[in-house]
Structures are given as C-alpha cells and as structure tokens.
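Structural features, examined
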Amino acid sequence: MIYVGIDVAKDKHDCFITNSDGEVLYKSFTIPNNLEGFHSLFQRIESVADDLTKVKVGLEATGHYSYNLLGFLLDKGLPTYVINPLHTNLYRKSLSLRKTKTDKVDARTIASMIMSDVSLKSYSDTSYHNEELKSLTRYRFDKVKERAKLKTSVSRLVCILFPELEKLVPTLHLASVYALLSEFPSANAVASAHLTKLSNLLSESSKGRYGKQTAVMFREAARTSIGSHMPAKSLELKHTIKLIRELDTEINEIEAAIKRIMDEEIQSPILTIPGISYRMGAMIIAEIGDFSRFDSADKILAYAGMSPSTYQSGQLDNGYSHMEKRGSRYLRYALYNATKYVCHWDESFGTYLAKKRAEGKHYNVALSHAAKKLVRLIYAIEKSGKAYMPSA
C-alpha cells in the first residue's frame, strides 16, 4: 500500500510519499497550486504504484484551499481521505515532545496518520454532493440573514416616513406594500397620488386583494400622517426594497438548487418526517454529513453542541449544567427550527413537548428535549434508510 500525505496551502502544497514498510518513496517535496503541479504529483504517485486502488492520499480539511486538489485526485480515481486539522495536530504532538511544526513535517504526519488509522473513511461522491449541499445551505442562511436586516431597515424607514401604514396592513413585508412604497416612498407621496393609479397599483401587486377601498384608506391616512418629508430617507427606502426583491430572487434560486440535490443525489428519508421541509432537512443532512461517522445519536448531539456540559472536581459536581454550544451553529439552528414544526405537525412530538412543559420546564428547555428526540429519530431512519412512520 502506498501512502501520500499532503499539507495544503494557498499557493503550494507539500507532499510526502511512503509505503506500508515505512520506506520513503519520495521525501517531502513541494508542488505549486496549479494544474502542472497536480500532474507532477500524480506522475510521482503513478511511478511508485502499480495499482491506484492500493494508494491512500490524505490531506487536511483546510476549507476552500483543498477543493481543487481534492477534485483532481477524485477524478483520477485515487482513494482520498480528508482529515480534521485538530486530529493531525494532536497526532503530531503524540509523536514527539518537541514543538516542531512545518509544512513538510505536517505532510509526513498526515501520511503516517492514514497509515496507522484504519477507521478513516475515504472521500466519496456522496461526500462531494454533501459538501455542495452544505455550501448551498450555508449560503442561503447568510442570504436570509442579510434579508432580515434589510426588512428591519424597511420597518425603521416606514416609521419615519409613514408610521400609520403599519397599522393598516397585516405586515409591511407584503408584495403590495413593497410595490406601494417603491412608487410612493413617503406619506406625502401617497397623499398626493392619483386615486386611479394608486388603486391599480395595489390591485395588480396584491392580485386583486386590495382595490379602490384600500387605496382610499391609505391616502386618507397619508393626508393626516405625522410622517416626515425626507427625500434622502425615501430614496433609502426605495433602494432597500429593491435589494430585498433581488435577495428574494437569489434565495429562490438557491432553494431550487438545494431541492434538486436532495431529490436527485441525497434522497434522504428525513423529508418523510412531518414538519421538516427541504430548507431545514437539507441543512441538517449537510451539517451532519456521513452518518456512519457517528456511533450513536448522542455523538451527533455532541457534534451539534447540544449535549450538557460536565464539570466535576473533587466533591464539586455541577447539577445544573448548561448546553455546550461548541458544535456547528448551523446544525443547532436547523434542528431547533425543524423541531418547532415537527412538534406542531407530528402528534407524538407535540405530546412529548406538552409533557415536558407540564413538568414545569421553560419552553426553550422543553424544545431542547424534543430536539434531542428528533436527532435520535433522524439517526435511526438515516441508518436504516426507511421512511418515518408516525405512530397511530
């Protein structure tokens, strides 16, 4: 068996090649982060390996710096292992008491690590699709967060320009309200608007829900409004609404891509759980990744940072431990949001949440218990590959 350790960096990669007998086939060498460098590495591997299936390549999970090299190695059919940098750091320290860390040493350490650790799992097509899904779900998370901030800005600006409007509609964040404010971004503008134009705008943007009566109500409220006449704020409001609309389009595109991967590539039974949509289901699957990495559902809870912290020293033992919150914040966010809907749509989860509330637990504490129950369910159906069957 041939072992290749690669320490990944932005502009270059340090490599080391050895075999099962510990014989150094290629001392640490450096390749540039380009196609020529990739081919140079592959040629050296080919020169010492008769069968590429008997080659193990290891590299650290260094974010986007490793994506291109990883893709190249997978295309060449080389079994590739992506290792957590924390593990390699601990492994390197276990080999020597000396504080020695260089890229060349790291490359050799990675090669030694994949030689000694038989439990490592190679990167696969499933891992690739999962990485793509993770990228999309996190991208969507950031976009939704950005949109939420802009919506807060809209509320602030309306409070300055036309404060009475908020009491006349269920929410400011309706297509019809945005259409109104984009055309007439202040109480003064609405007050002086032609009634026919205002009526047609509202009717078209609300698909007939609002008409002349609503237009009259808005205009009358605008004529007695205490809103300020500030052209600069009106311009800011128009631009903010424009940005929100652009984000809506982008988020819809991202969600369509997420749905395609979930339907065509992942095909997870998680979507059979009532209340779990493509949005939260995809984020949960993406953040957990390969379920075979975890021996139990409790390991996933620890990975999500949802297990209670433990502190014990001598006779001191904390009886009211807090949640660790050290894992993936995206996974915690998805699990808590999904749990809310699952408790609403699934009777057994709703009953369990009500039971915890009846015990005197705060809603968030009760919800955390339901989230742990949900994790155990997800783990069970993902391991079995069977759809969820709600209890009668």
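Refer to the preceding data block for the structure.
Quick look at the structure, then. (Residues numbered from 1 in each chain as written. Predicted model: local features only at pLDDT ≥ 70, side-chain atom pairs only at ≥ 80, totals over all residues. Heavy atoms only, no water.)

1. Some points on the overall build of the chain
- The secondary structure content of the chain amounts to 15 helices and seven strands.
- Per-residue burial over the chain gives 41% buried out of 392 residues.
- Long-range pairs, those at least 24 residues apart, make up 63% of the contacts in the chain with a sequence separation of at least 6.
- When the accessible surface of the chain is summed, it comes to about 21,700 Å², and 52% of that surface belongs to carbon and sulfur atoms. (Helix = DSSP H or I, 4+ residues; strand = E, 2+ residues; numbered from the N terminus. Buried < 20%, exposed > 50% of the residue type's maximum accessible area, 1.4 Å probe, protein only. Contact = heavy atoms within 4.5 Å. Areas by Shrake-Rupley, 256 points an atom, 1.4 Å probe, with all protein chains shown as cover.)

2. Let's talk about the packing of aromatic side chains
- Applying the stated criterion to the full structure yields six aromatic pairs.
- Measuring from centroid to centroid gives 6.5 Å for Phe42 and Phe72, while their planes differ by 90°, and the two rings are edge-to-face. Of the two residues, Phe42 is situated in helix H1 (residues 35–48) and Phe72 in helix H2 (residues 67–75); the sequence distance between them amounts to 30 residues. You'll find Phe42 and Phe72 in the same group, each marked buried.
- Site record: aromatic cluster; members linked through ring pairs are Phe38, Phe42 and Phe72.
- Note that Arg44 overlies the ring of Phe29, its terminal NZ or CZ placed 4.0 Å from the centroid.
- Across the ring face of Phe349, the terminal group of Lys373 is positioned such that the distance to the ring centre comes to 5.2 Å. (Phe/Tyr/Trp six-rings, centres within 6.5 Å; stacked < 30°, edge-to-face > 60°. Lys NZ or Arg CZ within 6 Å of the ring centre and 35° of its normal.)

3. Here we look at the pairing of strand S1 (residues 2–8)
- Among the seven residues that make up S1, seven are buried, leaving the element largely enclosed by the rest of the structure.
- Here S1 shows a buried face lined by Ile2, Val4, Ile6 and Val8 and a second buried face lined by Tyr3, Gly5 and Asp7.
- In this sheet, strand S2 (residues 12–19) lies alongside S1 in antiparallel orientation, the contact comprising seven bridges. Following the sheet pairing, Asp7 is matched in S2 by Asp14.
- Turn length for the S1-S2 hairpin, with the two strands adjacent in sequence and antiparallel, is three residues.
- Of the pairings in the sheet, the one linking S1 to strand S4 (residues 55–60) comprises five bridges and is parallel in character. Residue pairing in the sheet places Tyr3 in a bridge with Lys56 of S4. (Pairing = 2+ DSSP bridges.)

4. Notes on the side chain of Ser234
- Take Ser234: it is sitting in helix H10 (residues 231–266).
- Note on Ser234: relative accessible area 9%, which makes it buried.
- Discounting residues that sit within four places of it in the chain, Ser234 has contacts with Leu161, Pro185 and Ser186.

Treat this as a map of the structure, not an account of what it does.
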